[in-house]
Amino acid sequence: MRRTNVYVDGFNLYHALDDLGDDSLKWLCLRRLSESIIGERETLNSVKYFSAYANWIPEAAQRHRAYVDALKVEGVKFIPGQFKKKFLKCKSCGKQYHTHEEKETDVNIAIHLIRDTFEDSFDRAIVISADTDMRTAVEMARNISGTKSIDVVSPPGRFGKARSLSPLFALTKGKIKAARLNDEYDLGNGKVVKVPNNYRKI
């Protein structure tokens, strides 16, 4: 049995799901999804989820934390990044304003992928992303060891944008629907996490 690690680009996947227009798809079990895309002669060794909390939007951050808590119960490892303020100038009026830009996710994925390759922690790696910034890390991991498979799977609707990564295929809406998290998880010590109202099935 080949050991398989899955690396999930959280925001890249999130925005692809958002484009599908069904928020219930965002309550997605990444472990179950990963199990559905590996081969029969493979065993799921690790699932790593890379993302960051938008703390300046309290309701969104609260939903995200609930999601991460549920994923952890399912055995998914969360690797946090962060948002940083980015100052821009309005082209029309010239006034300066700020927005938030997510940082570190692509770097974190690259670091974990390369480190895990060197440490021989997998036989096959699957990166779920359409971010072309992943290209160098994927190619480097492939070159480190010719015996390991490093594959890319595109989020739904992103196959064209991921062409330079040579993705195997794009996730389908049906596969996403079939990998839903439970509606409730017991976190222990009297704490329970429930699916946020926004993510309940329509």
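Residues numbered from 1 in each chain as written. Predicted model: local features only at pLDDT ≥ 70, side-chain atom pairs only at ≥ 80, totals over all residues. Heavy atoms only, no water.

Trainee: Quick question: what am I supposed to make of the environment of Val-195 here?
Mentor: Of note, Val-195 is situated in the segment after strand S9 (191-194). When its relative accessible area of 3% is taken as the criterion, Val-195 is described as buried. Residues Val-195 and Tyr-185, spaced 10 residues apart in sequence, show a C-alpha to C-alpha distance of 8.9 Å. Aside from chain neighbours lying at most four places away, what touches Val-195 is Trp-27, Arg-180, Asp-183 and Arg-200. (Helix = DSSP H or I, 4+ residues; strand = E, 2+ residues; numbered from the N terminus. Buried < 20%, exposed > 50% of the residue type's maximum accessible area, 1.4 Å probe, protein only. Contact = heavy atoms within 4.5 Å.)

Trainee: In this structure, what is going on with the packing of aromatic side chains? I would like to understand it.
Mentor: Describing an aromatic ring pair means giving the distance of the ring centres and the angle of the ring planes. In this structure the tally under the stated criterion is 6 aromatic pairs. Ring centres 6.5 Å apart and planes at 25° place the aromatic pair Tyr-7 and Phe-50 in the stacked group. Here the residue Tyr-7 occupies a position in strand S1 (residues 2-9), and Phe-50 occupies one in strand S2 (residues 42-51), the gap between them amounting to 43 residues. Take Tyr-7: its relative accessible area is 0%, and that puts it in the buried class. For Phe-50, a relative accessible area of 0% gives the class buried. (Phe/Tyr/Trp six-rings, centres within 6.5 Å; stacked < 30°, edge-to-face > 60°.)

Trainee: What is the right way to read the nonpolar core from this model?
Mentor: As a rule of thumb, soluble globular proteins bury nonpolar side chains together. Leu-28, Leu-30, Tyr-49 and Ile-128 are the most contacted members of the largest nonpolar core, which totals 33 residues. Breaking this core down by element, the ones donating at least two residues are S1, helix H1 (10-19), helix H2 (30-37), S2, helix H3 (58-73) and strand S6 (124-128). Of all the elements, H3 adds the most residues to this core, at 5 residues. Counting 17 residues, the second largest nonpolar core, distinct from the first, contains Phe-50, Ile-79, Phe-122 and Ala-130. (Core = buried A, V, L, I, M, F, W, Y, C linked by side-chain atoms within 4.5 Å.)

Trainee: Would you mind going over the pattern of salt bridges with me for this structure?
Mentor: Pairs may arise between side chains of opposite charge once their charged atoms sit close together. Using the criterion set out here, one finds 16 salt bridges in the structure. Notably, a salt bridge pairs Asp-120 with Arg-3, separated by 3.3 Å at the nearest N-O pair. Within this pair, whereas Asp-120 is found in the loop between helix H4 (105-118) and S6, its partner Arg-3 is found in strand S1, the two being separated by 117 residues in sequence. Taking the relative accessible area as the measure of exposure, Arg-3 reaches 26% and is therefore partly exposed. (Salt bridge = Lys/Arg side-chain N within 4 Å of Asp/Glu carboxyl O.)

These values are about where atoms sit, not about what they do.
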